[in-house]
Amino acid sequence: MEKHELVVIGGGPAGLAAATTAANAGIECLLIDEQANPGGQIYRAVGTIPEQRATLLGPDYNYGRKLVDQFNQSSASYLPSTTLWNLNSQLEIGILRDGKASLISADRIIIATGAMERPVPFPGWTLPGVMSAGAGQILLKSSGLVPAQGVVLAGVGPLLLLLAWQYLHAGVKIHAILDMSPAGNIWRALPHLPGALLAHHYILKGLRYQLQLKLAGVKFFNGVTEFHAVGGDALEAVEFTHRGGRQRIDSQLLLSHFGVIPDSHLSRCAGCDHSWDANQLCWRPVADKWDNSSVDGIAIVGDGSGIGGAVAARHAGRIAGFEAARALGYISEQERNEAARNDQRWMRDDLRVRPFLEARFHPPAELLSAPPDETVVCRCEEINAGAIRTAIHAGHKDANQVKFLTRCGMGPCQGRQCDNAVSQIVARELGDKKMISGGYRIRPPIRPLTIEQLAALNEGADPK
Ligand SMILES: Cc1cc2nc3c(=O)[nH]c(=O)nc-3n(C[C@H](O)[C@H](O)[C@H](O)COP(=O)(O)OP(=O)(O)OC[C@H]3O[C@@H](n4cnc5c(N)ncnc54)[C@H](O)[C@@H]3O)c2cc1C
């Protein structure tokens, strides 16, 4: 089996910074990513995008070029368009590239798989014409595609505002922005404001986006509840309650967003310990101050270890690179401490805004754990919330038992889309917060793989 000194999984700011730092320290390092180009979510396609589109996406986006250039100049090898379908505690990695599955291994692994949008089942979310805001942004970044007939943006979180601002500059008609964060969030966030002001550029940026959108005439509805996407064969409108009255906005496209959560499937597949984060409402890996997980030789950095944003991810990546150099014997503990000191300080400063953002954009509990019975929760196996509640009240007391009985979470996405929702429905139905002590047990393959690919498993793959 082909073996590497260090394998970094994920080419976003965390993975790029980790691989560059490690390679510059002399480590033989391979970076793997399923995207065709380095950059991750925030800097998707940054090296290949036309200038006009890059300008439209804003200065934060363009910072990615620097990171990608530094990575390209390092000695790290790179396997793009390569998907990981397995990782185990012996540091063996299953990859899929050009339709061929193979196994490689490493002395050390850094998982930097980032975040995914929080999947939230609401009435009508499976209708054609309903997509996530992240999907809309991916189409904009990677292909320059924007909605031709206008769009409604709805949900909770700063990405909604950013996408609205980017669409505004791309000339897209925004019918309305519906904010579903509970009114009380403002009060819960207020005590965190002094800390957040130490990273005030984030707050100013948000206020500037809002002001520009309002000046352009975009309608904002705050405190939206009882939100439904409605239509026959496809989306026709959204309906919601606002200030006690029922509203309807006609639209053929709805982009929804409910914040981001760590993409923890790979780290859970590898057997790393995770704990429930009640502020971010998700599982995050248990790690020490150097981001080492509970599995020897595996570190987890960036949004995959807890949502901190792109700047914190970049610093965490560099710190993990120094820690890899220490663990593999390239530098001493003291050299690592000195090398990482600035990044640790900058990361701490940058993270000061997080408690404010987490409180301000905390999604309503109702939305996450109480979808109506007829709402589909597991899209792959088409299991609705009613079937999940029936299973719970028949005595199945955790997400895994519900999975065995109903098959929810057993489809091609392997539970990535319904894992959080099912666990929160279980917790609500049983009135026991402790039930959120672990989601589905994650087993390989975490990404779809055919029997033919598995049977033809060979060893090794040629990095570019
Ligand atoms: C859809 C989406 C859009 C976002 N857009 C923005 C934005 O515009 N601005 C902003 O400030 N923040 C944005 N964020 C948040 C932003 O992604 C993070 O703060 C930041 O990118 C985290 O960096 P990272 O390196 O930890 O992870 P990421 O940038 O997410 O990089 C993770 C990488 O891992 C790869 N990967 C994951 N799983 C596998 C696998 N099994 N096999 C192979 N490769 C894998 C992915 O392809 C990805 O390239 C977005 C988040 C999401 C989910």
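Residues numbered from 1 in each chain as written. Predicted model: local features only at pLDDT ≥ 70, side-chain atom pairs only at ≥ 80, totals over all residues. Heavy atoms only, no water.

### Details of the sheet that holds strand S9 (residues 151-156)
The strand order across the open sheet built from 5 strands is S8-S15-S9-S10-S11, with neighbouring strands paired in parallel fashion. Looking along the sheet, the strands with just one partner apiece sit at the ends: strand S8 (130-132) and strand S11 (220-221). Summarising the sheet, S8 and strand S15 (residues 254-258) pair through 3 bridges and their orientation is parallel. Paired with Ser132 across the two strands is Ser256, which belongs to S15. Where helix H5 (residues 133-143) meets the sheet, its contacts fall on S8 and S15, and the angle it forms with S8 comes to roughly 75°. (Pairing = 2+ DSSP bridges. Helix = DSSP H or I, 4+ residues; strand = E, 2+ residues; numbered from the N terminus. Contact = heavy atoms within 4.5 Å. Axes fitted to C-alpha atoms, helices over the stretch in contact; angles between N-to-C directions.)

### So, the site of the ligand
Lining the immediate environment of the ligand, one finds 32 residues, of which Ala14, Asp33, Leu84, Gln137 and Asp303 sit closest. Within the backbone of Pro13, an N or O atom sits 3.2 Å from an oxygen atom of the ligand. The contact in question runs from an oxygen atom of the ligand to an N or O atom on the backbone of Ala310, over 3.2 Å. Listed by contribution, the elements that provide at least two residues to the shell around the ligand are helix H1 (13-24), strand S4 (82-87), strand S7 (115-117), H5, helix H6 (158-169) and helix H11 (310-327). When its residues are assigned to classes, the shell around the ligand shows 12 nonpolar, 14 polar and 6 charged. In terms of domain composition, the shell around the ligand takes at least three residues from each of domain 1 (2-117 + 261-331) and domain 2 (130-258 + 356-361). (Near = heavy atom within 4 Å. Polar contact = N/O pair within 3.5 Å; in protein donor to acceptor, adjacent residues only side chain to side chain. Nonpolar A, V, L, I, M, F, W, Y, C, P; charged D, E, K, R; others polar. Domains from an automatic or database assignment.)

### Some points on empty space enclosed by the protein
Following the criterion strictly, the structure yields 3 cavities of 30 Å³ or more and no others. Forming the walls of the largest cavity are Met116, Pro119, Ile261, Pro262, Ser264, His265, Arg268, Cys282, Trp283, Arg416, Asp419 and Asn420. When contributions to the lining of the largest cavity are tallied by element, the ones reaching two or more residues are strand S16 (260-262), helix H10 (265-269), strand S18 (282-285) and helix H17 (419-430). In terms of residue class, the lining of the largest cavity is made up of 6 nonpolar, 3 polar and 3 charged. When residues of the lining of the largest cavity are assigned to domains, at least three fall in each of domain 1 (2-117 + 261-331) and domain 3 (371-463). (1 Å grid on protein atoms, 1.4 Å probe; cavity = no way out; pocket = protein on both sides within 12 Å on 5 of 7 lines; lining within 4 Å. Points joined across faces, edges and corners; volume = space filled by probe spheres on them.)

### Some remarks on the pattern of salt bridges
In the structure shown here, the tally under the stated rule is 19 salt bridges. Here Arg416 and Asp263 are joined by a salt bridge, their closest N and O atoms 2.7 Å apart. Here Arg416 is found in the loop between helix H16 (399-406) and H17, whereas its partner Asp263 is found in the loop between S16 and H10, with 153 residues between them in sequence. Asp277 is the partner of Arg284 in a salt bridge, and the nearest nitrogen-oxygen pair spans 2.6 Å. Judged by its relative accessible area of 27%, Arg284 falls in the partly exposed class. Looking at Asp277, the relative accessible area reads 12%, which means it is buried. Salt bridges sharing partners connect three or more residues here, namely Glu34, Asp263, Arg416 and Arg447. (Salt bridge = Lys/Arg side-chain N within 4 Å of Asp/Glu carboxyl O. Buried < 20%, exposed > 50% of the residue type's maximum accessible area, 1.4 Å probe, protein only.)

### As for the sheet that holds strand S12 (residues 225-231)
Taken in spatial order, the 3 strands make up an open sheet running S12-S13-S14, and their pairing is antiparallel. Two strands in the sheet have a free side with no partner beyond their single neighbour: S12 and strand S14 (245-250). Neighbour-to-neighbour, the strand axes of the sheet open up by a mean angle of 20°, direction not taken into account. Relative to strand S13 (residues 235-242), S12 is paired through 5 bridges, and the arrangement is antiparallel. Residue pairing across strands places Gly231 opposite Leu235, the latter belonging to S13.

### Comments concerning the domain arrangement of the chain
Here the chain is partitioned into domain 1 (2-117 + 261-331), domain 2 (130-258 + 356-361) and domain 3 (371-463). Centre-to-centre, using C-alpha coordinates, domain 1 lies 25 Å away from domain 3. Taken together, the 30 residues of domain 1 in the interface contact 32 residues of domain 3. On the domain 1 side of the contact with domain 3, Trp85, His265 and Trp283 bury the most area, a combined 29% of that side's loss. Across the domain 1-domain 3 interface, the total number found is 4 salt bridges. (Buried area = accessible area lost by both parts, 1.4 Å probe.)

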